[in-house]
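Spelled out from the first residue to the last, the chains are:
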Amino acid sequence: MVKNRLKEIRMREYMMSAGEFAKYLGTDIKNYSNWERNVSRPNLEKALEISKKLNRTVNDIWYLE
């Protein structure tokens, strides 16, 4: 199963609300919330955009468990 560290990154490094972080990442709160809760995942292009914006690799954010 693919999991993510979005909430951890948001809380530790950016100290933003989920809504603010969603806007920062260029998505809406509904999509971001689903990603953070592992209900869904962004497509590959969006995942690459997010990793670039957060200055991390995709593997730093999403991982197999």
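Reading guide: rules and limits
Residues numbered from 1 in each chain as written. Predicted model: local features only at pLDDT ≥ 70, side-chain atom pairs only at ≥ 80, totals over all residues. Heavy atoms only, no water. Helix = DSSP H or I, 4+ residues; strand = E, 2+ residues; numbered from the N terminus. Polar contact = N/O pair within 3.5 Å; in protein donor to acceptor, adjacent residues only side chain to side chain. Contact = heavy atoms within 4.5 Å. Axes fitted to C-alpha atoms, helices over the stretch in contact; angles between N-to-C directions. Parallel < 35°, antiparallel > 145°, perpendicular 65-115°, else oblique. Nonpolar A, V, L, I, M, F, W, Y, C, P; charged D, E, K, R; others polar. Salt bridge = Lys/Arg side-chain N within 4 Å of Asp/Glu carboxyl O. Buried < 20%, exposed > 50% of the residue type's maximum accessible area, 1.4 Å probe, protein only.

Details of the side chain of Asn4
Then comes step 1: Structurally, Asn4 is set in strand S1 (residues 2–4).
Then comes step 2: Within polar-contact distance, the side chain of Asn4 engages the backbone nitrogen of Leu6 at 2.9 Å.
Then comes step 3: A polar contact of 2.5 Å, which involves the side chain of Asn4, links it to the backbone oxygen of Trp35.
Then comes step 4: Once residues lying within four places of it in the same chain are set aside, the contact partners of Asn4 are Trp35, Glu36, Asn38, Ile61, Trp62 and Tyr63.

Thoughts on the side chain of Thr27
Then comes step 1: Along the chain, Thr27 turns up in the loop between helix H2 (18–25) and helix H3 (29–36).
Then comes step 2: Side-chain polar atoms of Thr27 contact the side chain of Asn31, separated by 3.4 Å.
Then comes step 3: Discounting chain neighbours no more than four positions away, the residues touching Thr27 are Ala22, Tyr32, Trp35 and Lys46.

Some details on the packing of helix H1 (residues 6–14) against H2
Then comes step 1: The geometry of H1 relative to H2 is characterised by a closest axis approach of 11 Å and an angle of 100 degrees between their N-to-C directions. Relative to H2, the element H1 lies roughly perpendicular. Between H1 and H2, the residues in contact are Leu6, Ile9, Arg10 and Tyr14 and Ala18, Phe21 and Tyr24, respectively.
Then comes step 2: Taken together, the residues that form the contact of H1 with H2 break down as 6 nonpolar, no polar and 1 charged.

Observations regarding the pattern of salt bridges
Then comes step 1: Following the criterion strictly, the structure yields 5 salt bridges and no others.
Then comes step 2: A salt bridge links Lys3 to Glu65; the nearest nitrogen and oxygen atoms lie 3.3 Å apart. Highlighted residues: Lys3 in strand S1 and Glu65 in the segment after strand S2 (62–64), separated in sequence by 62 residues.
Then comes step 3: By relative accessible area, which is 62% here, Glu65 ends up exposed.

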